[in-house]
Amino acid sequence: KQWYQRRVRACEVIGNAVQNNEKIVQFATETFVLGDLLNLADTSDHQNVKIKSILAISCLVRGNKSALDRYNELEGYNVIVRAVQSPINKVQLKSIFLISNVCVVFPDQCQIYISMGLPQQLFAMCGKFVAESESRDINLVQSTLRLLLTLVTNYKVQCPSDAAATLTALKESLGDGENTRDEKELCAKLLKLCPTTSETVDR
């Protein structure tokens, strides 16, 4: 238990230290630090270690091209896409946040994630949100939809044939409350970009 707590604390310290400190970013990029963080995110059995390591990686690569280049050299994108498949909501949320930030700041990076099938993975998650409407994490729903909208809008991602039906079901499952207004708006925007089943057949 003690070593697990130390790893959590170490990730927290790194995440805080690399923000707005170029020297520490350079050190973390040029030494073993980034590789160790990716290893923890990928292999740790402890939920908090995974979450904190992904958060530290996100802080490190955010807006920093040299750190992002090293992240790509280490194939960090494989680690983070695997983390999106985690059964742990917070691990998924931190991973999607990292990818979203990278795609906004460095748009040329989006093609990496598209080629790995991330959009299809995110559409599948939307279907899961419908099936698990009582237990879903609304923050995860919003982050997933927001990243999907970025990819579909800017990079001509092809929607799956059942995307419209899935998004319609998700929008309806969100109900009429104001607390899910943002998520419903995201669904509506995506629906305008995704063909219906009949349109897919016509093509």
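The shown structure was predicted, so the numbers you read here are calculated from the model rather than taken from an experiment.

K.L.:
Explain the overall build of the chain to me, and be specific about the residues and the numbers.
P.N.:
Secondary structure assignment for the chain yields 13 helices and zero strands. When the elements of the chain are put in sequence order from the N terminus, they spell out α-α-α-α-α-α-α-α-α-α-α-α-α. Taken over the C-alpha trace, the chain has a radius of gyration of 18 Å; the compact-globule value for 203 residues is 17 Å, and the two agree within 12%. C-alpha extents for the chain along the principal axes are approximately 55 × 35 × 30 Å. Scored against the burial criterion, the 203 residues of the chain give a buried share of 44%. Partitioning the intrachain contacts of the chain with sequence separation of at least 6 by distance along the chain shows that 69% fall at a separation of at least 24. Surface exposure of the chain reaches about 10,800 Å², of which carbon and sulfur atoms provide 48%.

K.L.:
Pulling in residues and values, what's your account of the layout of surface pockets?
P.N.:
Of the pockets and cavities examined, the largest pocket occupies roughly 190 Å³. Only α7 (89–105) and α9 (118–131) provide two or more residues apiece to the lining of the largest pocket. With four residues, α9 is the single largest residue contributor to the lining of the largest pocket. Size it by volume and the second largest pocket reaches roughly 150 Å³. Lining the second largest pocket are Val-18, Gln-19, Asn-20, Asn-21, Glu-22, Val-25, Cys-59, Leu-60, Arg-62, Gly-63 and Asn-64.

K.L.:
Outline the confidence of the model for the chain, listing residues and values.
P.N.:
Note: predicted coordinates in regions of low pLDDT should not be interpreted at a detailed level. Model confidence for the chain is summarised by a mean pLDDT of 91, while 96% of its residues fall at 70 or above. Mean pLDDT across the elements of the chain ranges from a minimum in helix α13 (residues 197–202), with 48, to a maximum in helix α6 (residues 76–84), with 97.

K.L.:
Requested: an account of the nonpolar core, with residues and values cited.
P.N.:
Within the largest apolar cluster, 64 residues are counted, with the highest numbers of intra-cluster contacts made by Ile-57, Tyr-71, Leu-122 and Leu-145. Residue contacts for Leu-145: discarding those within four places in its chain leaves Cys-126, Leu-167, Leu-170, Glu-183, Leu-186, Cys-187 and Leu-190.

What counts, and at which threshold
Residues numbered from 1 in each chain as written. Predicted model: local features only at pLDDT ≥ 70, side-chain atom pairs only at ≥ 80, totals over all residues. Heavy atoms only, no water. Helix = DSSP H or I, 4+ residues; strand = E, 2+ residues; numbered from the N terminus. Rg over C-alpha atoms; globule rule 2.2 N^0.38 Å. Buried < 20%, exposed > 50% of the residue type's maximum accessible area, 1.4 Å probe, protein only. Contact = heavy atoms within 4.5 Å. Areas by Shrake-Rupley, 256 points an atom, 1.4 Å probe, with all protein chains shown as cover. 1 Å grid on protein atoms, 1.4 Å probe; cavity = no way out; pocket = protein on both sides within 12 Å on 5 of 7 lines; lining within 4 Å. Points joined across faces, edges and corners; volume = space filled by probe spheres on them. pLDDT = per-residue confidence, 0-100. Core = buried A, V, L, I, M, F, W, Y, C linked by side-chain atoms within 4.5 Å.

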